Structures are given as structure tokens and as C-alpha cells.
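Chain by chain, the residues run as shown.
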Amino acid sequence: MTVSPTLMLQETEQAASVVAAMLKDQKPVFEEIAAVFASRKPALISTCARGSSDHAATFFKYLAEIRLGLPVAAIGPSVASVYDAPLQLGSAVHFTVSQSGASPDIVAMQRAAKKGGAVTVAVVNVTDSPLGNEADIVLGIGAGPEKSVAATKSFIASAAALAGVIAAVSKDSTMQGGLDQLPEALGAVQVDAGNALENILAEKQSLFIGGRGPSMAIALEAALKAKETSAIHAEAFSLAELMHGPMRLVEKGFPIVAFVSQDQAYQHNLQALKHLESIGGNILAISPLDLPWSQIKTPATGSALLDPLVSLGAYYRVIEAVTRRRGFNPDKPLNLNKVTETV
């Protein structure tokens, strides 16, 4: 009997075409944002988001701080919606990342940021939404309806859109070249059924997921997916931080999923993973590089800072298969009877 692909898998596979269309359609918006940065010369970028969107904002934070040298401050939605605190943002540019654009506290934060002096940019899937309608600039991710509970194509498209901002502002030709190659790389991802990562996660109840820099943001997203789809207790750490207190939990066979890119953190990451392996950790890598551990090898984009997005596309496929093997439906939330609010 042929099993129909889940919505999660279908939407993961749509990411390549979504990103290709978004990068083409939003080019004028990238140029508009670059002009704002050139004229305002902001000393600060602020962000507001929740859940997977917040992980996309974290990806953006690393790219902005690495490529622009500008600090990025993540402001919690409750600062405006609950505490009603005035913001003093001056020349800042404020980015709100949201799938629906409808969460009242996210909209309240954008409103507070504008009142505090910032130019506001809504990175949003539903552009005709309260968030989009109130923003100074709307960067539409164009992911279309997302019916699976776990965000996949909307996360990748949001992160790619934010990378497009950095490429435009920095005029970084390597990053722009990586963005040009990103849709093809996403579409070329291949994951064999019953791979080592899938087999191990299907049997485990707890794991660490590690990365560094932009890969750290991807690790956060990967950990969330393990929890919300497969009921696996997953914690994401910087591979630097993992070498301290959290390392105490590593024992023989403890799985550690690592997102590894050929960026400036590469050698540091290798050293950390070798040490974790020496104390019993079972290292499972997702990377475009040839590594000395069980791994899923993913296509490269030509930009090490963007390669983690392709690796995440592979991970989504793995965790979808793991979820089914563990007896769950990746298209329905766990503990459905406990869900009281959709944000």
C-alpha cells in the first residue's frame, strides 16, 4: 500500500520553489531596505518574533552581527503588550518575523518600536495582516498556506528573506551568490530512508543539537521540531557552551546532532565534537562537508553562512520520518486536547 506523503514532508519539499520565487519577487524590497540602512546608518537592529520565527530572527542576528557589525537586540513581545514599556530605539531598524502577522502582542511590539523611533519591517507570510498593514516596509515571504503544524517552508523562506536583507545591505557578493544557489541546493537534498540519524532518533528520548553562529539558530529550530513532532526531549546549545555544564549529561551512546559548516567556527566545532565523542557521545552530523562521523551530506550553496538552511531541509525530512516511526502524526499537534490558543 502506498502511503501518501504527510503535509510536513510536502511543505518541506516546497521550500526550494518558495525561496526561488521570494528572492525574485522581493528584490525591490531588499533594495528599499538597503537604502534605509544607507540613509539612517542605524547603530542598532531590533527584532521581535516567537517560536520558529524567533529562530529565523536569531539566524538573522548572527548574519547581521558577522557581516554588518551591528548589534541585534531581540525584544520580547510582552515588553509592549504586557509591560507597556516605552522604547527608545532612535535610528534603529526593527524587524518583526511572523507567519500569520496576526498575533496581537507581536503587532503591539511593532507599534511600540515605531513610536520609539525605529523604521519597522514586517517579514511576514500573510502580508494583508495587522502586522503587514502597520509596517513601514513589508517583506513578504510568499510561502503560501502552511497546513502542517510544524513550520517548515515558512521558516526556511523567512530565514532566506532575512539573509537577502543582509546581502543587500552589506553588498556581500559571496552571500548573494549563495542565495542564488540556495533554491537549487534545497531542491537537491536527498535523505535515504533508514539512515543512521533516523534510526537512532526513533529509539531515543533525549538528545543535544549543536551548532555555532548561524548554525546555532538552526539547532534551536531543529530542537523545537524534535519536541513538537516526535516528543523527543531535545536541547540546542552552542558547541562552545555544550563543552561546559551540559556535557555532564553525555554518556555512552548519547546522541548529539551537529550542524557543521566550513565557516570560521569549523575547527572549533571539530575539536568540540571529537571531545564529546571521546566521553561517549554518538555524533551525528548534517553538513555539506566530509566528516568522520555518521552524517547526512547536504548540497553546498557556496556560502558557508547559508549552508545550514540546506542542512535543515534534510533534518526536516529526517524528523518527519522519525515522528511516523514513533507512532505520531507530524501534521497534528501532540496533546491536542491541551492546546488552548493558536498564535
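What counts and what doesn't
- Residues numbered from 1 in each chain as written.
- Predicted model: local features only at pLDDT ≥ 70, side-chain atom pairs only at ≥ 80, totals over all residues.
- Heavy atoms only, no water.
- Helix = DSSP H or I, 4+ residues; strand = E, 2+ residues; numbered from the N terminus.
- Polar contact = N/O pair within 3.5 Å; in protein donor to acceptor, adjacent residues only side chain to side chain.
- Contact = heavy atoms within 4.5 Å.
- Domains from an automatic or database assignment.
- Buried area = accessible area lost by both parts, 1.4 Å probe.
- Salt bridge = Lys/Arg side-chain N within 4 Å of Asp/Glu carboxyl O.
- Phe/Tyr/Trp six-rings, centres within 6.5 Å; stacked < 30°, edge-to-face > 60°.
- Buried < 20%, exposed > 50% of the residue type's maximum accessible area, 1.4 Å probe, protein only.
- Pairing = 2+ DSSP bridges.
- Axes fitted to C-alpha atoms, helices over the stretch in contact; angles between N-to-C directions.

A. Geometry of the side chain of asparagine 195. With respect to the element layout, asparagine 195 can be found in the loop between α9 (173-187) and α10 (196-201). Reaching out from asparagine 195, the side chain makes a polar contact with the backbone nitrogen of leucine 197 at a distance of 3.1 Å. Beyond its immediate sequence surroundings of up to four residues, asparagine 195 is in contact with Ile296 and Val318.

B. Highlighting the domain arrangement of the protein. Annotation of the protein at the domain level lists domain 1 (7-187) and domain 2 (192-326). Across the boundary between the two partners, domain 1 contributes 31 residues, which contact 26 residues of domain 2. Taken as a group, Met8, His55 and Phe59 account for 23% of the area that domain 1 buries against domain 2, more than any other trio of residues on that side. Counting across the domain 1 and domain 2 interface gives zero salt bridges. Linking domain 1 with domain 2 are four residue pairs in polar contact (both at pLDDT 80 or more).

C. Quick look at the packing of aromatic side chains. Summed over all chains, the structure comprises five aromatic pairs. Ring geometry for phenylalanine 208 and phenylalanine 237: centres 5.4 Å apart, planes at 90°, overall edge-to-face. Note that phenylalanine 208 is positioned in strand β6 (residues 206-211) and phenylalanine 237 in strand β7 (residues 233-238), a separation of 29 residues in sequence. Using a relative accessible area of 1% as the deciding quantity, one classes phenylalanine 208 as buried. What makes phenylalanine 237 buried here is its relative accessible area of 12%. Judged by centre distance (4.9 Å) and plane angle (55°), the ring pair of phenylalanine 208 and phenylalanine 254 falls under tilted. Of this pair, phenylalanine 208 sits in strand β6 while phenylalanine 254 sits in the loop between β7 and β8 (255-259), and the two are 46 residues apart along the sequence. The class for phenylalanine 254 is buried, based on a relative accessible area of 11%. Clustering of aromatic rings is evident, with ring pairs tying together Phe37, Phe60 and Phe95.

D. Representation of the sheet that holds strand β10 (residues 294-297) in the model. Strand order in the open sheet formed by five strands is β7-β6-β8-β9-β10, and the pairing between neighbours is parallel. Looking at which strands have only one partner, the edges of the open sheet turn out to be β7 and β10. Put simply, the sheet's adjacent strands are angled 20° from each other on average, direction ignored. Relative to β7, β6 is paired through six bridges, and the arrangement is parallel. Across the sheet, isoleucine 209 pairs through a bridge with alanine 236, a residue of β7. Packing of helix α11 (residues 214-230) onto the sheet brings it into contact with β6, β7 and β8, and relative to β7 it is tilted by some 175°. Sheet strands touched by helix α13 (residues 307-325): β6, β8, β9 (282-287) and β10. Its angle to β9, the strand with the most contacts, is close to 125°.

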